[in-house]
Amino acid sequence: MQEGSYIWSHLQRQHRPVDKWIDGLWLIVLLFAAMILFNINLGEMPLQDWDEGIVAQVAKEIWNAPTGSMSWLYPTLVGEPYQNQPPLMHWLVAWAYAWGGVNEWTTRLPGAVITAFSVPLLYCIARELFYLRWVAIYSALIYLTMLPVIRNGRLAVVDGLGVTLLMLMMLCVLRSRRDLRYCLGVGISLGLICLTKGILGIFLAAIVTVFLCWDTPRLLASSYLWVGVFIGILPAIGWYLAQFMQYGYTSPIELGNESLNPINYIAHGQAQPLWYYFIEIIKWTWPWLVFLPQTLRFTWDNRNFSWAKLIIVWTGVYLLLISLVQVKLPWYLFPIYPSLALAFGFYVAQIENASFSSYPRIWVTSFAILAVAASGGSIYFSLGSISNTDLQIIFACIALTMTLAAILAERGDRQFLKILIWGSYICLFLFIKSNYWIWEPGQAYPVKPVAAMITRANLKLEKIYTSFPYHRSSLDFYSDCTVIPASSRDLKYHWQSQQKPYLLVDNPTLDVLQLKSLQVIDQTAGWQLITKGIVDNSKVKSYE
C-alpha cells in the first residue's frame with residue numbers, strides 16, 4: 001500500500017507541471033475566444049429599455065455627481081433614491097465613464113469583460129468535477145457558443161456579472177471540499193453577488209446550500225465556511241445599513257421590499273406563465289438542445305456522483321425559484337446556462353469516446369431540419385425587396401454548419417462535434433458583427449432621434465409626459481429628462497392644469513387630443529414635442 005502510494009504521488013509530481021501548463025494554455029485560449037465574442041461591435045447599437053437604460057442612468061448620475069458627494073453610496077435614478085439593486089455594477093460603469101466618456105461602449109464594457117471571464121471559470125469548475133480534460137474543454141466551448149450567453153453577457157445588465165460571481169463561488173465551494181481556505185472565497189463571492197443582485201442573491205446561495213446538503217454536508221458544519229460567509233457579506237450588510245439609516249425605513253423588511261421591486265414589477269403590465277423559461281430554453285439553446293433528452297437521462301442515472309448532483313441542483317433549484325416569481329425576463333435565465341453546458345460537455349465527451357456506426361437518427365434529423373430552415377432563411381433574405389446581406393450570410397453559415405454536422409453524424413464520425421462548436425462560434429461572430437444582435441429597439445420608435453429632439457429643447461429640469469404606453473429608461477438616459485407615460489385623458493389633464501406643460505405625443509394621438517394654444521417645439525420620426533402658448537425663441541424650431 002505504501003509502495004503504491006509512493007508511485008502515485010511520484011506520478012502526480014511528475015505530471016502536475018505538464019497538466020498545469022496545458023490547463024493554463026487552454027485558459028488563455030478560452031479567454032481570448034470569449035473576449036472576441038463579448039467585445040466586438042459592442043457600442044454600435046442603442047441601449048435597451050428596462051435594465052440597460054436604468055444601469056446607464058444610475059451610473060451617469062454617480063459619475064456626474066459633485067466631488068465629495070455620497071452618490072456612490074446613495075445612488076439616484078433621475079434624481080430619486082434608487083434602492084432596487086445594490087450599486088456594484090453601477091460603480092463599474094461609472095468608472096468606465098470616468099476614463100472613456102458616456103457612450104454605449106463604455107456602458108456595456110465592464111459587464112462584457114467580466115462575463116468573458118466566466119468561460120475560463122467554467123473550464124476550472126469542470127476540471128474540479130471531471131477527470132477528463134476534454135469534458136472541461138467541451139463544457140466551456142458549448143457555454144461560449146450559446147446565443148443567450150453571448151447576447152445577454154454583452155448587455156449592460158447585472159446578470160452577466162452575477163453569473164461570473166456565481167461560478168467563482170461554485171469553484172471555491174468545490175475546492176473547499178479539499179482545502180478549507182477556499183471557504184473565504186465562497187463568502188467573498190456571495191458578498192459580491194449580494195452587492196450585485198441584492199436580496200435576489202439568496203436565490204443563488206440556495207443552489208450552494210442544497211448542493212452541500214446533498215453532497216458534502218460536513219462543510220455546512222464547518223466554522224471556516226460561516227466565518228468566510230460572514231466576512232464576505234459585510235460590505236453588502238454595510239450598504240443596506242447605510243440605506244436604512246439614510247432614508248429612515250421603519251423596518252429592514254421595508255428596505256427588503258424595495259430590493260424586491262424588480263421581481264414584483266410586471267413588465268408591460270403582464271405576468272408570464274409558469275412555463276415561460278422552459279419555452280426560452282427550447283427557443284435559444286440550439287443546436288445543443290439536440291442532446292438534451294439523452295443528457296438529462298444520463299445525468300439522472302449518475303445522480304450519486306458529485307458532478308450530477310451539482311448539475312441537478314444548479315438547474316432544478318434555480319429554475320424552480322425564478323419560475324415562481326411573477327416577472328420573467330429572458331436574462332433572468334442566464335445562471336442556468338453554465339450548468340447545462342457542464343451536462344452537455346460531459347455527455348458529448350462520453351459519446352465521442354464511444355464507437356458508433358451512426359449516431360442517433362433524431363440527431364441527424366434535427367441537424368438536417370436546422371440546415372433546411374437556415375437555407376430557407378438565407379434564400380428569403382436574398383430576395384430583392386427584402387435583401388439583407390448580413391442575414392443572408394449568417395443563415396448560410398448556419399446551414400453549412402448543420403449540413404456538415406448531419407452528414408458526419410450519419411456516418412458515425414465524431415468530428416461532427418467539433419464542426420458544431422467551431423461552426424457555431426463563426427455564426428455567432430458574424431451575428432454580433434451585424435447590427436441584429438439587439439432586436440428589441442425595433443419594437444418601439446427609434447430612441448436616439450427623439451432623445452436628440454428633447455436635448456435640443458434644453459428641458460433638463462422639466463417633466464415631459466408622453467403618449468407612449470410604457471416608460472423607456474433609455475429615453476431618460478439619452479435625453480437627460482424624465483419622460484413619463486400617460487394616457488390620453490391624463491395628457492389632457494396636464495395640458496389644462498399646468499401653465500407650461502411639455503408633451504411628447506405621436507401624430508395620431510395629437511389629432512385625437514385636439515389641444516388649443518399649441519406650440520410645436522420640435523418634431524421627428526412621427527413624434528412632436530409640444531407645449532402651450534408661445535415659448536422662448538431659443539427653444540422653438542419653426543415649421544412651415
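Right, let's walk through the structure included here. Numbers given for residues are sequential positions, taken from 1 along each chain in its written order. For a predicted model such as this one, the threshold for reporting local features is a pLDDT of at least 70, and the threshold for listing and counting side-chain atom pairs is 80 or more; totals across whole chains, interfaces and linings nevertheless cover every residue. Neither water nor hydrogens contribute to the side-chain values; these are computed over all heavy atoms in the structure.

## Quick look at the overall build of the chain
Working step 1: In terms of regular secondary structure, the chain is built from 25 helices and 7 strands.
Working step 2: Any two residues whose heavy atoms approach within 4.5 Å at even a single point are treated as in contact. Sequence separation of at least 24 residues holds for 73% of the intrachain contacts in the chain that already meet a minimum separation of 6. Helix and strand definitions here come from DSSP, where helices need a minimum of 4 consecutive H or I residues and strands a minimum of 2 consecutive E residues; each element is numbered from the N-terminal end.

## Considerations on helix 6 (residues 133–144)
Working step 1: Counted at 1.5 Å a residue, the expected span for helix 6 with its 12 residues is 16 Å, and the 17 Å between its end C-alpha atoms agrees.
Working step 2: For helix 6, a buried count of 11 out of 12 residues is recorded, marking the element as mostly surrounded by other parts of the structure.
Working step 3: Of all the residues in helix 6, the buried ones are R133, V135, A136, I137, Y138, S139, A140, L141, I142, Y143 and L144. Residue count minus one, scaled by 1.5 Å, sets the expected span of a helix. Type-normalised accessible area, obtained with a 1.4 Å probe on protein chains alone, sets the label of each residue: buried when under 20%, exposed when over 50%, and partly exposed for intermediate values.

## Details of the sheet that holds strand 5 (residues 502–506)
Working step 1: We treat two strands as partners when DSSP finds at least two bridges between them. Taken together, the 5 strands give an open sheet; going across it, the order is 4-3-5-7-6, and neighbouring strands pair in mixed fashion. Among the strands making up the open sheet, the edge pair consists of strand 4 (482–485) and strand 6 (518–524). Each strand axis lies, on average, 30 degrees off the axis of its neighbour in the sheet, ignoring direction.
Working step 2: Relative to strand 7 (residues 527–532), strand 6 is paired through 6 bridges, and the arrangement is antiparallel. Bridge pairing in strand 7 links T524 to W527.
Working step 3: All axes are obtained by fitting lines to C-alpha atoms, using only the stretch in contact for helices, and the reported angles, taken between N-to-C directions, cover 0 to 180 degrees. Helix 22 (residues 447–457) rests against strand 3 (463–466), strand 4, strand 5, strand 6 and strand 7 of the sheet, and its axis sits at about 135 degrees to strand 6.
Working step 4: Sheet contacts for helix 24 (residues 488–497): strand 3, strand 5, strand 6 and strand 7; angle to strand 7, the most-contacted strand, approximately 35 degrees.

## Points about unusual backbone geometry
The general pattern is negative phi for most residues beyond glycine and trans for most peptide bonds.
Working step 1: The omega torsion of the bond from W286 to P287 falls at 5 degrees, within 30 degrees of zero and hence cis.
Working step 2: Structurally, P287 can be placed in the loop between helix 15 (276–284) and helix 16 (292–301).
Working step 3: Phi at N41 takes a positive value of approximately 60 degrees, unusual for a residue other than glycine.
Working step 4: With respect to the secondary-structure elements, N41 resides in the loop between helix 1 (2–39) and helix 2 (51–64).
Working step 5: Here the phi dihedral of D480 falls at roughly 60 degrees; this positive angle occurs in a residue that is not glycine.
Working step 6: In this fold, D480 is placed in the loop between helix 23 (473–479) and strand 4.
Working step 7: A residue is classified by how much of its surface remains accessible, and D480, at 35% relative accessible area, is partly exposed.

## Let's talk about the packing of aromatic side chains
Working step 1: The aromatic pairing rule takes the rings of Phe, Tyr and Trp, using the six-membered ring of Trp, and pairs them if the centres are within 6.5 Å, calling planes under 30 degrees apart stacked, those over 60 edge-to-face and the rest tilted. This model, assessed by the stated rule, comprises 31 aromatic pairs.
Working step 2: Measuring from ring centre to ring centre gives 5.8 Å for Y359 and W363, while their planes differ by 20 degrees; the resulting arrangement is stacked. We note that Y359, like W363, is buried.
Working step 3: A centroid spacing of 4.8 Å and a plane angle of 55 degrees characterise the contact between Y359 and F416, whose relative ring orientation is tilted.

## Description of helix 16
Working step 1: The complete set of buried residues in helix 16 reads Q294, T295 and T299. The arc that holds every buried residue of helix 16, seen down its axis, measures 130 degrees, which confines them to one face. For helix 16, the exposed residues lying more than 90 degrees away from the buried face are L296, R297 and D301.
Working step 2: Elements in contact with the buried residues of helix 16: helix 17 (306–324), helix 18 (336–353) and helix 19 (361–380). The directions considered for the arc run from the helix axis to the C-beta atoms.

## Points about a nonpolar patch on the surface
Working step 1: Patch rule: a residue counts if its relative accessible area is over 30% and it has no salt bridge; like charges are joined within 9 Å, and nonpolar side chains (Val, Leu, Ile, Met, Phe, Trp, Tyr) within 5 Å. Using a 1.4 Å probe, the Shrake-Rupley method yields the accessible areas, and only the shown protein chains count as cover for residues. Criterion for a salt bridge: a side-chain nitrogen of Lys or Arg within 4 Å of a carboxyl oxygen of Asp or Glu. The grouping of L274, W275, F278, I279, I282, W286, L320 and L324 at the surface amounts to a nonpolar patch, some 850 Å² of accessible area in total.
Working step 2: The greatest single-element share of the nonpolar patch, amounting to 3 residues, is contributed by helix 15.
Working step 3: Within the element layout of this structure, I279 appears in helix 15.
Working step 4: The class of I279 is partly exposed, set by a relative accessible area of 40%.

## Considering the pattern of salt bridges
Working step 1: Counted by the stated rule, this structure contains 15 salt bridges.
Working step 2: Among the salt bridges present, the one from R175 reaches E128, with a minimum N-O distance of 3.0 Å. Residue R175 is located in helix 8 (residues 158–176), and its partner E128 is located in helix 5 (residues 118–129); the two are separated by 47 residues in the primary sequence.
Working step 3: Owing to a relative accessible area of 23%, R175 belongs among the partly exposed residues under this scheme.
Working step 4: Here K283 and E280 are joined by a salt bridge, their closest N and O atoms 3.2 Å apart. You can see K283 and its partner E280 sitting in helix 15, 3 residues apart, about one turn around the helix.

## Structural notes on the packing of helix 9 (residues 183–197) against helix 10 (residues 201–215)
Working step 1: Two elements in contact, helix 9 and helix 10, have axes separated by 8 Å at closest approach and are oriented at 150 degrees. Judged on the interaxial angle alone, helix 10 and helix 9 are roughly antiparallel. On the side of helix 9, the interface is formed by L190, I193 and K197, while helix 10 contributes G201, L204 and A205. Throughout this description, any angle smaller than 35 degrees is read as roughly parallel, any larger than 145 degrees as roughly antiparallel, any in the 65 to 115 degree range as roughly perpendicular, and the remainder as oblique.

## Here we look at the nonpolar core
Working step 1: In this structure, Y143, F291, F367, F416 and L504 are the most contacted members of the largest nonpolar core, which totals 159 residues.
Working step 2: Setting aside residues no more than four positions away along its own chain, F367 makes contact with P287, V290, F291, M402, A405, A406, A409, F416 and L420. Buried Ala, Val, Leu, Ile, Met, Phe, Trp, Tyr and Cys residues form a nonpolar core when they are joined through side-chain atoms within 4.5 Å.

## Notes on the pairing of strand 7
Working step 1: Within strand 7, 5 of the 6 residues are buried, which leaves it mostly tucked inside the rest of the structure.
Working step 2: Strand direction decides the pairing type here: strand 5 and strand 7, joined by 5 bridges, are antiparallel. Paired with L503 across the two strands is I530, which belongs to strand 7.
Working step 3: Turn length for the strand 6-strand 7 hairpin, with the two strands adjacent in sequence and antiparallel, is 2 residues, and the turn residue A525 shows positive phi of about 50 degrees.

## Some remarks on the side chain of R133
Working step 1: Inspection of the secondary structure assignment puts R133 in helix 6.
Working step 2: A distance of 3.5 Å separates a polar atom in the side chain of R133 from a polar atom in the side chain of Y123.
Working step 3: Setting aside residues no more than four positions away along its own chain, R133 makes contact with D19, I22, D23, W26, Y123 and R127. For the purposes of these results, a polar contact is taken to be a pair of N or O atoms within 3.5 Å, where, inside protein, one atom must be able to donate a hydrogen and its partner to accept one; residues adjacent in sequence count only when each atom of the pair is a side-chain atom.

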